[in-house]
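As a plain string of letters, each chain reads:
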Amino acid sequence: MCGIFGYVANGHVSPELVVDGLRRLEYRGYDSWGIASLNAGQDVQITKAVGKISKTSPEQLDRLRDPATLAMGHTRWATHGEPNETNAHPHRSQSGRIVVVHNGIIENHRELRHLLESEGYVFKSQTDTEVIAHLLDRNLRYTHRFDEALSLTVLELKGAFGLAVMDIQQPDRLFAVRLGSPLVVGVDDGRCLISSDANALAIYTKQVIYLDDGEWAEVTREGVTTYDFHRAATGKIAEQIEIDVAASELGSFRHYMLKEMYDQPESLRNALRGRLQRSEATVRLAGLDDLGERYRPERVKILACGSSWHAGLVGRYFFEELARMPTEVEYSSEFRYRNAVIEPGTLVIAMSQSGETADTLAGLRESKRRGAQALGVVNVVGSSIARECGRGVYLHAGHECGVAATKSFTNQLVVLLMLAVHFGRQRGMSIRQGLELLDSLERLPELAEQVLKTDEQIRQVSEEYVDATNFLYIGRSMEFPIALEGALKLKEVSYIHAEGLPAAELKHGPIALITPEMPTVVIATQSFILDKVASNVQEIKARGGRIIAIVSEENDAFHSLADHVVTVPTAHDFVSPILATIPTQLLAYHLAVLRGCDVDQPRNLAKSVTVE
Ligand code: GLU
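So, here's what we can say about the structure. Residue positions are counted from 1 within each chain, in the order its sequence is given. Totals for whole chains, interfaces and linings use every residue, but because this is a predicted model, local features are given only for residues with pLDDT of at least 70 and side-chain atom pairs only at 80 or more, for both listing and counting. Note that the side-chain values use all heavy atoms of the structure and ignore hydrogens as well as water.

1. As for the site of the ligand
Then, in step 1: Residues are counted as near a molecule or strand when any one of their heavy atoms sits within 4 Å of it. Among the 15 residues in the neighbourhood of the ligand, the closest are listed as Cys-2, Arg-76, Thr-79, His-89 and Asp-128.
Then, in step 2: Pairing of N or O atoms within 3.5 Å defines a polar contact, subject to two protein rules: one partner must be a possible hydrogen donor and the other a possible acceptor, and residues neighboring in sequence count only if both atoms are side-chain atoms. The contact in question runs from a nitrogen atom of the ligand to an N or O atom on the side chain of Thr-79, over 2.7 Å.
Then, in step 3: Side-chain polar atom of Asn-103 to an oxygen atom of the ligand: 3.2 Å apart, as the coordinates give it.
Then, in step 4: Here the Shrake-Rupley method, with its probe set to 1.4 Å, supplies the accessible areas, and only the displayed protein chains count as covering residues. Contact with the protein chains hides 100% of the accessible area of the ligand, taken as 300 Å² for the molecule alone.
Then, in step 5: Numbering of helices and strands starts at the N terminus; helices are DSSP runs of H or I of at least 4 residues and strands are runs of E of at least 2. Where the shell around the ligand is concerned, the elements lending two or more residues are strand E4 (70-76) and strand E6 (98-106).

2. Description of the sheet that holds strand E20 (residues 373-378)
Then, in step 1: Pairs of strands are assigned from DSSP output, requiring at least two bridges between the strands. Read across the open sheet, the five strands follow the order E18-E17-E19-E20-E21; overall the sheet is parallel. Of all strands in the sheet, those with a lone pairing partner are strand E18 (327-331) and strand E21 (392-394), marking the two edges. With direction set aside, neighbouring strand axes in the sheet form an average angle of 20 degrees.
Then, in step 2: Sheet topology places E20 next to E21; three bridges connect them, and they run parallel. Across the sheet, residue Val-377 finds its bridge partner in E21, namely Val-393.
Then, in step 3: Along the sheet face, helix H11 (residues 358-369) touches strand E17 (299-304), strand E19 (346-352) and E20 and points at about 150 degrees away from the line of E17.
Then, in step 4: Where helix H13 (residues 407-426) meets the sheet, it contacts E17, E19, E20 and E21, and its direction lies at approximately 165 degrees from that of E19. Only the contacting stretch of a helix is used when fitting its axis, a line to C-alpha atoms as for every element, and angles between N-to-C directions run 0 to 180 degrees. For this analysis, residues touch if any pair of their heavy atoms sits within 4.5 Å.

3. Let's talk about the sheet that holds strand E14 (residues 239-240)
Then, in step 1: Taken in spatial order, the eight strands line up as E3-E2-E4-E1-E10-E9-E11-E14 in an open sheet, and their pairing is antiparallel. Two strands lie at the open edges of the sheet, namely strand E3 (45-50) and E14, each paired on one side alone.
Then, in step 2: Sheet topology places strand E1 (residues 3-8) next to E4; six bridges connect them, and they run antiparallel. Residue pairing for E4: Gly-6 is matched across the bridge by Met-72.
Then, in step 3: Along the sheet, helix H1 (residues 16-24) contacts E1, strand E2 (32-38), E4 and strand E10 (191-195); its crossing angle with E1, the most-contacted strand, is approximately 150 degrees.

4. Focus on helix H8 (residues 264-272)
Then, in step 1: Buried within H8 we find Gln-264, Pro-265, Ser-267, Leu-268, Ala-271 and Leu-272. Angular distribution of buried residues about the axis of H8 spans 170 degrees; they occupy a single face of the element.
Then, in step 2: In this structure, the buried side of H8 is in contact with helix H7 (256-262), strand E15 (276-277), H13, helix H14 (431-451) and helix H18 (576-594).
Then, in step 3: Once H8 ends, the next one or two residues include Gly-274, with phi positive near 75 degrees. Only protein chains enter the accessibility calculation, which uses a 1.4 Å probe; a residue whose area is less than 20% of its type maximum is buried, one above 50% is exposed, and one in between is partly exposed. The reported arc concerns the directions from the helix axis to the C-beta atoms and nothing else.

5. Here's the deal with the environment of Leu-291
Then, in step 1: Mapped onto the elements, Leu-291 comes out in the loop between strand E16 (282-283) and E17.
Then, in step 2: Residue class for Leu-291 comes out buried when judged on its relative accessible area of 15%.
Then, in step 3: Through-space distance from the C-alpha of Leu-291 to that of Gln-373 is 9.1 Å; in sequence the pair is 82 residues apart.
Then, in step 4: Those residues in contact with Leu-291 that sit more than four places away from it in its chain are Gln-373 and Arg-391.

6. Section: the packing of aromatic side chains
Then, in step 1: The criterion for an aromatic pair is that two Phe, Tyr or Trp rings (for Trp, the six-membered ring) have centres within 6.5 Å, with stacked assigned to planes under 30 degrees apart, edge-to-face to planes over 60 apart and tilted to the rest. Scanning the entire structure with this criterion turns up nine aromatic pairs.
Then, in step 2: An angle of 55 degrees between the planes, with centres 6.1 Å apart, marks the rings of Phe-5 and Tyr-204 as tilted. In this pair, Phe-5 sits in strand E1 while Tyr-204 sits in the loop between helix H6 (199-202) and strand E11 (207-210), placing the two residues 199 residues apart along the sequence.
Then, in step 3: Phe-5 sits in the buried class, given a relative accessible area of 0%.
Then, in step 4: The interplanar angle of 40 degrees and the centroid separation of 5.6 Å between the aromatic rings of Phe-253 and Tyr-262 together place this pair among those described as tilted.
Then, in step 5: A network of ring pairs unites the aromatic residues Tyr-465, Phe-471 and Tyr-473 as a single cluster.
Then, in step 6: Cation over ring: Lys-52 sits above Tyr-30, and NZ or CZ is 5.0 Å from the ring centre.
Then, in step 7: Against the face of Tyr-495 rests Arg-603, its NZ or CZ located 3.9 Å from the ring centre. Both a distance and an angle decide whether a charge sits over a ring: NZ of Lys or CZ of Arg must be within 6 Å of the ring centre and within 35 degrees of the ring normal.

Have a look at this one:
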């Protein structure tokens, strides 16, 4: 959460560069923004505003056009203190010497605030961040060496932080500090940049240094030197990244969410590319190579949050049915504070689009400590989970800018299915079944293209429900988690309350909610259980509920029952939940647009959840 962007350059670059960088990072937080810039011999200039940086007024931009040797900025996702101008970053120390932007949470901010207040520091904001600026300022009084003071300061802070720090007495350098919140340094000709993610740097440079936890970088325009928190040099050098900048452009689409739903045929193709091995009727995932051909985990534990958790629940069906591997799916945030038993032979899959999800990262560390083999399933190349796992399977979904997960979710399903085929083939899955699954995976991108043709139909259906205040989503078997994900998507982008349920659970309570004002979305492509779902739908119909059914082409059981039927091409039972996801995304999108919501940056949310 929160985006940090900064640069150190010669005197010809203007802080507009930071505006541009922050716009690319805005998906990480967008309740307020601020920029500090500095030229030698002058005082630091700080500009702050409430709201999105993409909505900056021309007058505000004007102030950021004059060149500065260094500048740094922040788009905030407030944790401590409401999103007003005073709480917006950067924060400046009382003496004015230190300026800080921060991503994360300082957990011991209260104690530090009391200590600093008792020494005469007066706080202006309600943020936890302000303590960092004053504390560094204070430590500089005790030791005159900046690196010593910085080391003392970061060792005193508890919690998670990615920081960019400016010392106005050193107008030729910035300090980038990382503990638990991501930070990347880009090395360019005659200038260096700091960013919360590598994507925002890729337009300027492909040479980057990923900071590790417990590391800081001293960034000048000539280069970067990295240290650990005890001031020992860590000697990091820049590595080349491969990021296709054009793929993140909006093009002719109205919103990133729409573009990313339409990216799905291609993103699914990218997830499958080079991984299906027909000659052996299996899937080959290079990320598993280091475990060796003989690696046979006995059970799987998936750690995830949000949409990734829903994908994990579908994965449980895949692993249990296809590989007979007992599988548990856990909210990372619960797992990390539970004294979890990790049995020998457990493969822990840490799943996160960003690869930075704080709880999943902590859960991963805890499970490694307890001896589990760990595998990362992430989208962002070089992210913390990818690096800490040391092995994993990339989603290859491409950059996802919309805050609501769409293409990353369907790619997670595909990757989990591929993993289940891989382990299934080691454990008695026949060549025939293996080939059947490979065939259906190969056809998936083309079928996804066909599903996208339901877009206009779903837009029209949405018009009828634009005033709904609640929705139910139901499904059975692998489509129960798809119902959960459909409901989450609707809540996230349209702010309509929705609940996902296993279809058979309705009669154990929630059916009391059914009225003509409570629409139900039924997801029913699982051929083996269709009749059972049809009975559940009859029960809703009998109580006057309105029904939107997402079914396979072949299935006509719902035509007389549902108010609206959206069909997806008939596919293998293990693949059709992936197809059935797409209409739920389109429904959430159209309802949100019709209700005038900001679909790409919904209220209160941010992508890449780097706080607990
Ligand atoms: N905890 C800090 C604040 O509330 C930083 C939040 C962020 O990461 O944007 O200001």
